[in-house]
Amino acid sequence: MSQDEIVTGSESIYQGRVVRLRLDTVRLPDGREAKREIVEHPGAVCIVAVDAEGQVLLVRQFRLAAGKVLLEVPAGTLEAGEETAACAARELEEETGYRAAHIEPLFSMLLAPGYSTERIHAFLATGLTRTQTHFDEDESVELETLSLAEAERRALAGELDDAKTVSSLLVALPRLRAAGLA
């Protein structure tokens, strides 16, 4: 038996600067109808940026939805038509003031597929050169560095609350170890 749900109707509820909320009516496999609230998001990137000394660049910023300051890998939303690697390079420089000689993909994943279309593309950035930050008008971000060992310890101890940060760090570590950076 197929588990697919068939959309029989869709209504736009809200259109914001970054997200759109829609309410879909679906037919379930057994014929019943149900409602699904879907947050449409253009997608995002996150970057595990590691310098020559094995320090990972992180950003500290207040996140209203979480109600607190979080320590995260740099990240940002894709612009219309923007390639993911180009977005990663742009966001890295905007938020940290560093440019990377090498940016390689780590993975791509859905963040909350129960209600959101957002897909985040994780990258590893190395060969860093200092430039200048270019924060968005509504951003207040502080750069912080941690050794890869400390970042891993915090991720595994549950001291980092941000899912993209934990998952991208843990996926990047074997590559960094193989390259002699961790």
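For clarity, every value in this text was computed on a predicted model and none was experimentally measured.

A few words on the confidence of the model for the protein. Averaged over every residue, the pLDDT of the protein is 94; residues scoring 70 or more account for 98%. Taken element by element, the protein is modelled with least confidence in strand S10 (residues 142-147), mean pLDDT 95, and with most confidence in strand S4 (residues 44-50), mean pLDDT 98.

What follows deals with the sheet that holds strand S1 (residues 6-15). Judged by pairing direction, the sheet is antiparallel, and its three strands sit side by side in the order S1-S2-S3 without closing on themselves. Each of the sheet's edge strands pairs with one partner strand only, and the pair in question is S1 and strand S3 (33-40). On average, each strand axis in the sheet is tilted by 20° relative to the strand beside it, whichever way the strands run.

Our next topic: the pattern of salt bridges. If you walk through the whole model with that rule in mind, you get 20 salt bridges. A salt bridge links Asp-24 to Arg-22, with the shortest nitrogen-to-oxygen separation between them at 2.9 Å. Assigned by exposure class, Asp-24 and Arg-22 land together as buried. We note a salt bridge from Glu-159 to Arg-153, for which the minimum N-O separation is 3.0 Å. On the basis of relative accessible area, Glu-159 is assigned to the partly exposed category, the value being 44%.

As a further point, take the pairing of strand S9 (residues 119-130). Pairing geometry for S4 and S9, over six bridges, is parallel. Bridging from a neighbouring strand, Ile-47 pairs with Phe-123 of S9. Two elements, strand S8 (residues 98-110) and S9, share eleven bridges in a ladder whose sense is antiparallel. Looking across to S9, one finds that His-102 is bridged to Thr-126.

A few words now on helix H3 (residues 163-178). Between its terminal C-alpha atoms H3 stretches 24 Å, which fits the 22 Å expected from 16 residues at 1.5 Å a residue. When the local axis directions of H3 are compared, the greatest deviation, roughly 30°, occurs at Ala-172, which is followed within four positions by the proline Pro-174. For H3, the complete set of buried residues consists of Lys-164, Thr-165, Val-166, Ser-167, Ser-168, Leu-169, Ala-172, Leu-173 and Leu-176.

Another aspect to go through is the state of the cysteines. Overall, the coordinates contain zero disulfides when judged by the stated rule. Cysteine Cys-46 is unpaired, with the sulfur of Cys-87 as its nearest cysteine sulfur at 11 Å. A relative accessible area of 0% places Cys-46 in the buried class.

The next thing to look at is the packing of helix H2 (residues 148-156) against H3. The geometry of H2 relative to H3 is characterised by a closest axis approach of 10 Å and an angle of 140° between their N-to-C directions. With respect to H3, the axis of H2 lies oblique. Crossing geometry of H2 relative to H3 is assigned as left-handed. Two secondary-structure elements touch here, H2 through Leu-148, Ala-151, Glu-152, Ala-155 and Leu-156 and H3 through Val-166, Leu-169, Leu-170, Leu-173, Leu-176 and Arg-177.

Procedures and definitions
- Residues numbered from 1 in each chain as written.
- Predicted model: local features only at pLDDT ≥ 70, side-chain atom pairs only at ≥ 80, totals over all residues.
- Heavy atoms only, no water.
- pLDDT = per-residue confidence, 0-100.
- Helix = DSSP H or I, 4+ residues; strand = E, 2+ residues; numbered from the N terminus.
- Pairing = 2+ DSSP bridges.
- Axes fitted to C-alpha atoms, helices over the stretch in contact; angles between N-to-C directions.
- Salt bridge = Lys/Arg side-chain N within 4 Å of Asp/Glu carboxyl O.
- Buried < 20%, exposed > 50% of the residue type's maximum accessible area, 1.4 Å probe, protein only.
- Expected span 1.5 Å × (residues − 1).
- Bend = angle between axes of the 7 residues up to and from the residue.
- Disulfide = S-S within 2.5 Å.
- Parallel < 35°, antiparallel > 145°, perpendicular 65-115°, else oblique.
- Left-handed = near helix turned anticlockwise from the far one by under 90°.
- Contact = heavy atoms within 4.5 Å.

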